[in-house]
Amino acid sequence: MTEMIETREERQETSPGLYAGIFLLSSGSLLFEISLTRIFSVSLWYHFAFMVVSIALLGIGASGTFLMLFPRILRGEPRKLLFIISLLFSLACLGSYLIANRVPFDPIKIAWDYRQLLLILLYYGLFSLPFFCSGMCIAAAFSRYTHRVGSVYFADLTGAGTGCLASLVIFYIAKDGQVVTASALLGILAALCFLSNNKKRLALIPLIILLGLLIWLNPEGMRIRISPYKGLTTALKYPDSRLVKTEWNSFSRVDLIESPLIRFAPGLSLSYQEPLPSQVGICTDGDNLSAITRFDGNPAGLRFTSFLPSSLPFYLSQKDEVFIFEPGGGLDILTALHHGAKRIRVAEMNPLVVGMINKYYGEFSGNIYHNKSGIEVVIAEPRSYLRGSEEKFDIILHTTPNLLGAASTGIYGLIEDYRFTREGMVDFYRHLKPEGALCFTLYLLPPPRIELRLVSLFLAALKEVGAAHPQNHIAVLRSWGTITLLLKHNPLGEEDIFRLREFARERRFDLVYYPGITQGEANIYNRFPQPLYYNLVTQIMEPQTREEFYRDYPFNVTPTSDERPFFYHFFRLSKLPQLYQIMGEKWQPFLQGDYLVPIIFLQALAASIIFIALPTLFVAKRGKKKMKETSRWPAFLSLSYFFFIGVGFMFVEISIIQKFILFLGHPAYAIATVLLAILVSSGIGAFLSDRFLPSLKWVIAVLAGLILLYMVILPRVQGALLGWSMPLRQVSAVVVLFPLGVLMGMCLPGGLRLLKQIAQSYIPWAWCVNGCASVMSSVGAIIIASAVGFSWVIGIGGMVYMIGWGCFFAVERGLARKTKLSP
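Residues numbered from 1 in each chain as written. Predicted model: local features only at pLDDT ≥ 70, side-chain atom pairs only at ≥ 80, totals over all residues. Heavy atoms only, no water.

Concerning the pattern of salt bridges
Think of it this way: side chains of opposite charge can pair up when their charged atoms draw near.
Then, number 1: Under the defined criterion, the tally for this structure stands at 29 salt bridges.
Then, number 2: Here Lys342 and Asp320 are joined by a salt bridge, their closest N and O atoms 4.0 Å apart. One end of the pair, Lys342, is in the loop between helix 13 (331–338) and strand 6 (343–348); the other, Asp320, is in the loop between helix 12 (313–316) and strand 5 (321–325), with 22 residues separating them in the sequence.
Then, number 3: We note a salt bridge from Asp496 to Lys488, for which the minimum N-O separation is 3.2 Å. Lys488 shares its class with Asp496; the two are buried.
Then, number 4: Here the salt bridges do not stand alone but share partners, grouping Glu321, Arg343, Arg345, Glu376, Glu391, Asp394 and Lys433 into one network. (Salt bridge = Lys/Arg side-chain N within 4 Å of Asp/Glu carboxyl O. Helix = DSSP H or I, 4+ residues; strand = E, 2+ residues; numbered from the N terminus. Buried < 20%, exposed > 50% of the residue type's maximum accessible area, 1.4 Å probe, protein only.)

Set out below in structure tokens:
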């Protein structure tokens with residue numbers, strides 16, 4: 001590649017203020033993106049947050065199209081243009097949030113109000129504007145400063161990495177609209193950096209002060225509007241209810257509520273007629289409502305817990321050592337205390353839950369979350385904790401924490417859950433004592449699917465550990481609103497089965513399955529027209545009917561794995577007509593996370609085709625005279641290169657984030673650590689590419705090989721380092737990912753330098769293609785992973801980079817041949 005010599009004028013134009021401005025704007029853009037995912041997870045539901053933000057990010061691609069259609073914008077003074085765009089970014093952040101917060105959009109209303117579909121489009125338009133502005137700023141900087149494109153990209157990526165890091169901290173000190181305002185403030189500071197006139201800079205001071213006041217005061221209009229159909233809003237509508245306290249951290253909002261509605265005892269036997277102890281509601285992200293129960297320190301006052309289906313393992317197993325994970329308000333802890341557990345280990349992933357209960361209701365709850373004699377609390381993902389421990393337990397217990405669970409929409413299809421995979425069940429099994437039991441209680445949510453997948457996971461895990469007859473280790477029973485599934489380390493014996501039957505009879509629970517059950521024993525107390533759950537579960541238990549059942553059932557209930565950790569993904573395209581009939585010929589139930597993924601992808605694909613195709617109108621309008629600077633074939637190959645590196649980057653990034661969730665113990669920590677490592681190291685790679693101008697075709701070849709190597713060695717490296725402390729694991733993650741990021745960061749600047757030699761005016765188009773490819777591949781990666789696993793996604797990412805290498809090699813070789821033929 002031809003070396004570029006920088007003129008004095010070019011050096012003056014690329015002063016530190018330019019890079020500082022791009023750094024701040026990119027930081028504000030990524031902070032705004034993360035704040036939207038958090039805000040909409042609370043105000044609506046997480047999957048609509050994913051939907052809105054995914055489509056809004058196409059604003060970055062649209063910015064490249066806009067600059068191609070209106071190239072005169074780039075002909076003015078570049079710093080003035082960047083200044084104006086940064087101001088517009090700040091205005092768009094505040095304006096889009098304030099307008100959307102007043103738009104009466106709620107996905108639940110789609111069932112009866114078709115205008116909500118139009119409001120979704122309004123959301124797309126509103127939230128694409130800030131990304132359109134930030135994308136235009138970067139595209140304009142690439143176009144005008146191609147001699148320093150690596151340094152510009154360095155500022156962009158390191159700014160985004162810093163915004164990611166800031167998102168981990170800022171929600172501890174700010175909330176909802178305050179974070180949006182902070183994003184807007186970063187845009188104003190970027191505009192300040194782009195100005196070279198000190199007098200003009202002074203004119204921005206009042207704006208900075210105004211935004212600072214908005215952050216400090218957080219007026220009512222900036223506060224989040226929560227859907228009236230979420231658990232928090234429902235509870236507060238009840239007479240004499242009040243919101244006690246709200247706090248945020250980087251991945252959740254936790255609310256404490258006092259309300260007469262709060263009565264949390266999942267599946268409580270109808271035989272229990274006494275009042276429950278007083279309770280206080282606790283919910284996460286405006287939903288997942290559970291309760292903190294009053295406990296005076298005397299286990300005898302917790303008699304009601306013996307009438308809960310989740311108390312079953314305490315009647316079939318020893319109960320000295322108990323492991324409880326994600327207990328929410330702590331009901332499972334109280335159950336263990338009442339039944340005489342001597343040592344209770346609690347793993348809670350959200351430190352905010354533990355902290356708020358201790359701070360505001362410590363005495364009320366009996367200080368169950370304070371580490372004291374018999375109870376030890378750890379802030380950890382349960383599998384991550386168990387993998388670093390040699391302990392074995394008599395009972396491992398988990399109950400779904402949602403007192404409105406029976407009315408839940410079940411919209412969790414996009415969530416990866418490494419607790420509920422085949423490997424997860426094996427981890428739990430291996431930490432049971434020989435007579436130990438693993439027990440899950442969850443709400444019934446028809447049509448049956450969640451409980452059936454859990455049964456299939458039990459069977460798959462038992463098969464993996466070598467159980468001769470896996471079905472002999474499992475028992476299932478049902479109350480009026482919950483279902484409890486139990487797995488014993490050793491097969492259930494006659495004494496176990498006798499106790500199980502007595503437990504169910506005394507509490508009027510329905511038996512669903514145990515080894516040797518007959519149909520006449522099922523569906524006695526809480527009756528269905530047919531013994532539905534018995535029929536379904538027994539078909540899975542029998543090896544002769546299992547595979548046929550998996551094939552014919554309308555939902556995908558086959559076992560999930562760490563490669564495909566989407567426990568709540570039940571979508572089967574081939575069964576849509578059958579499902580439509582089952583759902584009463586209504587399409588609204590399909591507005592769930594797993595059904596929305598292909599819809600989001602098709603929307604992104606359609607928008608991307610429009611954005612990528614529109615600049616061809618501009619190219620055609622230029623006429624043959626202007627087209628002499630290039631030919632269609634090299635231009636097509638160059639644009640294809642940017643498409644493939646966009647796809648490759650996102651496939652690799654998303655897969656690696658997933659691979660680090662278990663290693664780092666929480667999705668939020670994995671996202672922050674991996675994004676920070678990849679973005680910053682990629683920025684360094686971009687910066688180095690300006691200085692050393694490496695031969696890009698060899699960089700891409702090495703990168704593709706390194707990606708494929710990571711597929712093999714990453715699990716082994718993580719396994720070897722799992723015993724390290726969390727800070728050391730995070731540092732090791734950054735070190736491991738650094739070489740990969742450096743090579744990935746060199747690809748886009750090198751491609752832009754090549755494109756400059758073909759047609760510099762196509763740089764915004766290349767930015768559009770790369771942005772659209774990134775959005776489509778972020779959704780496409782999830783679709784592929786749900787089908788074949790994340791290892792395939794990262795492998796495909798490496799192969800896509802190789803296709804990009806082929807495009808680059810062909811263009812570079814053509815240019816070299818053209819140069820050689822020139823006189």
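From this point, the discussion proceeds with the structure in view.
Regarding the packing of helix 2 (residues 16–43) against helix 7 (residues 149–173)
Each pair of packed helices gets described by two things: the angle between the helix axes and the distance between those axes.
Then, number 1: Helix 7 packs onto helix 2 with a crossing angle of 40 degrees between their chain directions and a minimal axis gap of 7 Å. In terms of their interaxial angle, helix 2 and helix 7 are classed as oblique. The two elements helix 2 and helix 7 cross, and the hand of that crossing is right-handed.
Then, number 2: Class assignment for the residues of the contact of helix 2 with helix 7 results in twelve nonpolar, nine polar and two charged. (Axes fitted to C-alpha atoms, helices over the stretch in contact; angles between N-to-C directions. Parallel < 35°, antiparallel > 145°, perpendicular 65-115°, else oblique. Left-handed = near helix turned anticlockwise from the far one by under 90°. Nonpolar A, V, L, I, M, F, W, Y, C, P; charged D, E, K, R; others polar.)

Examining the pairing of strand 5
Then, number 1: The element strand 5 is largely enclosed, with a buried count of four among its five residues.
Then, number 2: Bridge count between strand 5 and strand 6: five bridges; the pairing is parallel. Across the sheet, Glu321 pairs through a bridge with Arg343, a residue of strand 6.
Then, number 3: Viewed along the sheet, the connection from strand 5 through helix 13 into strand 6 turns out right-handed.
Then, number 4: Here strand 5 runs beside strand 8 (residues 393–399); their pairing, made up of three bridges, is parallel. When the bridges of strand 8 are listed, Ile324 appears paired with Leu397. (Pairing = 2+ DSSP bridges. Right-handed = clockwise from strand over helix to strand, strands pointing away.)

Here's the deal with the state of the cysteines
Then, number 1: Throughout the structure, instances matching the rule amount to zero disulfides.
Then, number 2: Cysteine Cys93 is unpaired, with the sulfur of Cys133 as its nearest cysteine sulfur at 8.2 Å.
Then, number 3: On the basis of relative accessibility, which here comes to 0%, the residue Cys93 falls in the buried class. (Disulfide = S-S within 2.5 Å.)

Notes on the sheet that holds strand 6
Then, number 1: Taking strand neighbours across the sheet as the criterion, the eight strands line up as 7-6-5-8-9-11-10-12 in an open arrangement whose pairing is mixed. This sheet does not close on itself; its edge strands, each paired only once, are strand 7 (375–379) and strand 12 (510–513). On average, each strand axis in the sheet is tilted by 20 degrees relative to the strand beside it, whichever way the strands run.
Then, number 2: Sheet strands touched by helix 19 (residues 532–541): strand 10 (474–478), strand 11 (482–488) and strand 12. Its angle to strand 12, the strand with the most contacts, is close to 25 degrees. (Contact = heavy atoms within 4.5 Å.)

A word on the nonpolar core
For soluble globular proteins, the rule of thumb is that nonpolar side chains tend to be buried together.
Then, number 1: Within the largest apolar cluster, 280 residues are counted, with the highest numbers of intra-cluster contacts made by Phe142, Met425, Phe440, Leu454, Phe660 and Tyr801.
Then, number 2: For this core, the leading source of residues is helix 24 (residues 632–664), giving 19 residues. (Core = buried A, V, L, I, M, F, W, Y, C linked by side-chain atoms within 4.5 Å.)

Examining the packing of helix 16 (residues 422–430) against helix 17 (residues 450–464)
Then, number 1: Two numbers describe how helix 16 lies on helix 17: the axes approach to 8 Å, and their chain directions differ by 65 degrees. The interaxial crossing formed by helix 16 with helix 17 has right-handed handedness. In contact with Arg422, Met425, Val426 and Tyr429 of helix 16, helix 17 contributes Leu454, Leu457, Phe458, Ala460, Ala461, Leu462 and Glu464.
Then, number 2: Within the contact of helix 16 with helix 17, the residues separate by chemical class into nine nonpolar, no polar and two charged.

Details of the sheet that holds strand 1 (residues 242–249)
Then, number 1: Judged by pairing direction, the sheet is antiparallel, and its four strands sit side by side in the order 1-2-3-4 without closing on themselves. In this open sheet, the two edge strands, each paired with only one partner strand, are strand 1 and strand 4 (287–293). If you compare each strand with its neighbour and ignore which way they point, the axes differ by 20 degrees on average.
Then, number 2: Note: strand 2 (residues 252–258) against strand 3 (residues 279–284), four bridges, orientation antiparallel. Within strand 3, the position partnered with Ile257 by the bridge is Gly281.
Then, number 3: Running over the sheet, helix 14 (residues 351–361) touches strand 1, strand 2, strand 3 and strand 4 and is turned about 140 degrees from strand 1.

Brief notes about helix 13
Then, number 1: For helix 13, the buried fraction is high: seven of the eight residues fall into the buried class.
Then, number 2: Regarding helix 13, the residues found buried are Leu331, Asp332, Ile333, Leu334, Thr335, Ala336 and Leu337.
Then, number 3: The secondary structure elements touched by the buried residues of helix 13 are strand 4, helix 12, strand 5, strand 6, strand 7 and strand 8.
Then, number 4: Residue Gly340 follows helix 13 closely and has a positive phi angle near 85 degrees.

Some thoughts on the packing of aromatic side chains
Then, number 1: Under the definition given, this model contains 36 aromatic pairs.
Then, number 2: Each ring, one from Tyr361 and one from Phe364, has its centre 5.6 Å from the other, and the planes form 75 degrees; the classification is edge-to-face.
Then, number 3: A centroid spacing of 6.3 Å and a plane angle of 65 degrees characterise the contact between Phe428 and Phe440, whose relative ring orientation is edge-to-face. With a gap of twelve residues between them, Phe428 in helix 16 and Phe440 in strand 9 (residues 432–443) connect regions that are remote in the sequence.
Then, number 4: Residue Phe428 is classed as buried on the basis of its relative accessible area, which comes to 0%.
Then, number 5: Given a relative accessible area of 1%, Phe440 falls into the buried group.
Then, number 6: Among the aromatic residues, ring-to-ring pairing joins Phe323, Phe325, Tyr385, Phe393, Phe420, Phe428, Phe440, Phe458, Phe567 and Tyr568 into one connected group. (Phe/Tyr/Trp six-rings, centres within 6.5 Å; stacked < 30°, edge-to-face > 60°.)

Considerations on the side chain of Glu423
Then, number 1: Here Glu423 is to be found in helix 16.
Then, number 2: Leaving out residues up to four positions away in the same chain, Glu423 has contacts with Arg383, Ser561 and Asp562.

Thoughts on a nonpolar patch on the surface
Then, number 1: Taken together, the side chains of Leu202, Ile205, Ile209, Leu213, Trp216 and Leu217 present a nonpolar region at the surface, about 660 Å² in accessible area.
Then, number 2: The residue Leu202 is located in helix 9 (residues 198–203) in this model. (Patch = residues over 30% accessible without salt bridge, like charges linked within 9 Å, V, L, I, M, F, W, Y side chains within 5 Å. Areas by Shrake-Rupley, 256 points an atom, 1.4 Å probe, with all protein chains shown as cover.)

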